[in-house]
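Below, each chain spelled out in residue letters.
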Amino acid sequence: TDNTQSGGEDIWSLVQAKQREDLKASTSNVEPNIVVLGGTGAGKTTIVQTLLYREGGAGTSGGTAAPEPTTSLDYRFLRRVVSGGNRKLAHVWELGGGRSLVRLLDIAINLSTVEKTGIVVVADLSRPAETLVDLEFWLSAALRRVKEVLEKITRRPKLPAILEARAQARLGETHRDAASLSGRLSPVPVLIVANKFDKLKNDGLENLKVAARTLRAIAHCAGASLVYVDKSDGTTRQALLAHLSQLQQHQRGELKNKIRDHDSKSVARRGAPVLKIRDIEALSVAIGQDSLRDIGVSSVLPTVSTQTLLDEWKSKFKARFKLSKGNEGKGTAPSDVKLAPEPAVDSILTQVNAQAKQKERAAALARKMAPQGGGGGRGSRRRPPGS
């Protein structure tokens, strides 16, 4: 049988090309679920506005007034039209109101959203005595919630392994720290935004070094990207936008903009965040761009463990910025937060989880029944996914 058409193309090549197109379409249709967390007054709403109003930017299109603080869990969505008239959508959650509302994470990260979730943790550099404890609290809370959800998944038992493989791919399978960081990487993409660098940048070279190395260590060991934001420096806003764009690409499983794995001299591909790694300037370090060796420790040992490196820089940070014992224990364990009973919240969580399970069952049934086959937009409020 002649399997070629008049144009000379092999029919099987056409079938394979169609399969690649279908795969690309299914990947591009993934709707990122972005969860923005951080301490009170850290600048979460400003970061969300920067994401939603990319052209004007937060603080330019909306005037000079500071944005209203978020008091609980705020939901918006980002929609933009791409080539061919197709629309891409991203769901954006912002958790405000402080640590007492950490349970509301259960609404934003659930069985139906966990696979496409990306986490943005905002740390306030204008209050360095609180920067570390806030960052550790919210990063720990988010990753703990992701782990809880993945442990409950029954319909897709391979999903945790899939997300682990994606985390390794984001870091770089040939990265020199791949073995050292195995089991520590976040299953979902994470971006740490160190906001208000303008309040810290004149604080002395040693303070800048300790802050930079500590934040780099936390980000690298968690498999996260790190970016500083300085309202007086427009280049940091561009860096933030590049990191937010990369976060969404990673949520969709796209790694095409990833730069080579660890040398600080490497040059980013088009569209990837530009590497800035000097202690005295606003940092911009995408996942895979840093390494334990580049972060360094003062130990005379030729090699140190990942935990030793983390502990040393955290100790230096606490000593340099004089963290009091009260601050040091201020919410570093999300599981220790004591919450009063909230029937309304509990009811919403029960409803969301039930609907997520129903969607999961429907999707599984649809897969079983399916035949086998071979710039920016404005943010708006709408009905959240899974509700």
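Please read these numbers as outputs of a predicted model, since none were measured by experiment. (Residues numbered from 1 in each chain as written. Predicted model: local features only at pLDDT ≥ 70, side-chain atom pairs only at ≥ 80, totals over all residues. Heavy atoms only, no water.)

A.B. asks: Any chance you could explain the overall build of the chain here in plain terms?
C.D. replies: A count of helical and extended segments in the chain gives 11 helices and eight strands. Approximately 19500 Å² of the chain is accessible, and the part contributed by carbon and sulfur atoms is 51%. (Helix = DSSP H or I, 4+ residues; strand = E, 2+ residues; numbered from the N terminus. Areas by Shrake-Rupley, 256 points an atom, 1.4 Å probe, with all protein chains shown as cover.)

A.B. asks: I would appreciate a short explanation of empty space enclosed by the protein in the present structure.
C.D. replies: If you roll a probe as big as a water molecule over the atoms, it shows you where there is empty space left. The space that makes up the largest cavity amounts to roughly 70 Å³. Lining of the largest cavity is provided by Arg 170, Pro 189, Val 190, Leu 191, Gly 223, Ser 225, His 243, Gln 246, Leu 247, His 250 and Ile 287. Looking at the lining of the largest cavity, its residues break down into five nonpolar, five polar and one charged. (1 Å grid on protein atoms, 1.4 Å probe; cavity = no way out; pocket = protein on both sides within 12 Å on 5 of 7 lines; lining within 4 Å. Points joined across faces, edges and corners; volume = space filled by probe spheres on them. Nonpolar A, V, L, I, M, F, W, Y, C, P; charged D, E, K, R; others polar.)

A.B. asks: Where do I start with the packing of aromatic side chains in this structure?
C.D. replies: Aromatic ring pairs are defined here through the distance separating the ring centres and the angle between the ring planes. Within this structure, the stated rule accounts for four aromatic pairs. Between Tyr 75 and Trp 93, the ring centres sit 4.8 Å apart and the planes meet at 55°, which makes this aromatic pair tilted. With a gap of 18 residues between them, Tyr 75 in strand E2 (residues 73–81) and Trp 93 in strand E3 (residues 87–95) connect regions that are remote in the sequence. On the basis of relative accessibility, which here comes to 5%, the residue Trp 93 falls in the buried class. Residue placement shows Arg 99 over the ring face of Phe 137; its charged tip is 5.1 Å from the ring centre. (Phe/Tyr/Trp six-rings, centres within 6.5 Å; stacked < 30°, edge-to-face > 60°. Buried < 20%, exposed > 50% of the residue type's maximum accessible area, 1.4 Å probe, protein only. Lys NZ or Arg CZ within 6 Å of the ring centre and 35° of its normal.)

A.B. asks: When you look at the packing of helix H4 (residues 128–152) against helix H9 (residues 306–320) in this model, what are you seeing that I'm missing?
C.D. replies: Helix-helix packing is characterised by the crossing angle of the two axes and by the distance between the axes. Interhelical geometry of H4 versus H9 gives an angle of 145° and a closest axis separation of 8 Å. Of the two elements, H4 crosses H9, and the hand of that crossing is left-handed. Of the residues in H9, those touching H4 at Pro 128, Thr 131, Leu 132 and Glu 136 are Lys 314, Phe 317 and Lys 318. When grouped by side-chain class, the residues that make up the contact of H4 with H9 number three nonpolar, one polar and three charged. (Axes fitted to C-alpha atoms, helices over the stretch in contact; angles between N-to-C directions. Left-handed = near helix turned anticlockwise from the far one by under 90°. Contact = heavy atoms within 4.5 Å.)

A.B. asks: Quick question: what am I supposed to make of the confidence of the model for the chain here?
C.D. replies: One rule of thumb: low pLDDT means the predicted coordinates there are not for detailed reading. Put simply, the chain has an average pLDDT of 77, and 63% of its residues get 70 or more. Ignoring residues within four places in sequence, the model shows residues 336–340, a span with pLDDT below 50, making six contacts including any to other chains. Taken as a whole, residues 374–378 scores under 50 in pLDDT and shows 15 contacts with residues more than four places along the chain or in a different chain. (pLDDT = per-residue confidence, 0-100.)

A.B. asks: I'm lost on the nonpolar core in this one. Help?
C.D. replies: Within soluble globular proteins, side chains that are nonpolar generally end up buried alongside one another. Among the nonpolar cores identified, the biggest contains 69 residues, and Leu 37, Leu 105, Ile 109, Val 114, Ile 119, Ile 192 and Tyr 228 are the most heavily contacted of them. In this structure Ile 119 touches Val 35, Leu 37, Ala 142, Leu 143, Val 146, Val 188, Pro 189, Val 190, Leu 191 and Leu 247, once residues within four positions along its chain are discounted. (Core = buried A, V, L, I, M, F, W, Y, C linked by side-chain atoms within 4.5 Å.)

A.B. asks: Mind showing me how you'd approach the packing of helix H6 (residues 205–222) against H9 here?
C.D. replies: At a minimum axis separation of 9 Å, H6 and H9 run at an interaxial angle of 145°. For the crossing formed where H6 meets H9, the hand is left-handed. Note on element contacts: H9 touches H6 through Thr 306, Leu 309, Leu 310, Trp 313, Lys 314, Lys 316, Phe 317 and Arg 320, opposite Glu 206, Asn 207, Lys 209, Val 210, Ala 211, Arg 213, Thr 214, Ala 217, Ile 218 and Cys 221. A per-class count over the contact of H6 with H9 returns nine nonpolar, three polar and six charged.

A.B. asks: I would appreciate a short explanation of a positive patch on the surface in the present structure.
C.D. replies: Taken together, the side chains of Lys 209, Lys 316, Arg 320 and Lys 322 make up a positively charged region of the molecular surface. Its place among the elements puts Lys 316 in helix H9. (Patch = residues over 30% accessible without salt bridge, like charges linked within 9 Å, V, L, I, M, F, W, Y side chains within 5 Å. Salt bridge = Lys/Arg side-chain N within 4 Å of Asp/Glu carboxyl O. Lys, Arg positive; Asp, Glu negative; His and termini not counted. Charge placed at Lys NZ, Arg CZ, Asp CG, Glu CD.)

A.B. asks: Help me out: how do you make sense of the side chain of Gln 248 in this one?
C.D. replies: Position of Gln 248 among the secondary structure elements: in helix H7 (residues 234–251). Classification of Gln 248 by relative accessible area gives buried; the value is 9%. Sequence-distant contacts of Gln 248, that is, excluding residues within four places in its chain, are made with Pro 32, Ile 34, Leu 51, Leu 78 and Ala 90.

A.B. asks: How should the pattern of salt bridges be read in this particular structure?
C.D. replies: Note that side chains of opposite charge can pair when their charged atoms are close. This structure, assessed with the given rule, holds 15 salt bridges. Glu 130 serves as the salt-bridge partner of Arg 127, at 3.9 Å between the closest nitrogen and oxygen. With relative accessibility at 30%, the residue Arg 127 sits in the partly exposed group. By relative accessible area, which is 23% here, Glu 130 ends up partly exposed. Across the salt bridge formed by Arg 144 and Glu 148, the nearest N and O atoms sit 3.6 Å from each other. Here Arg 144 and its partner Glu 148 are both found in helix H4, four residues apart, which amounts to about one turn of the helix.

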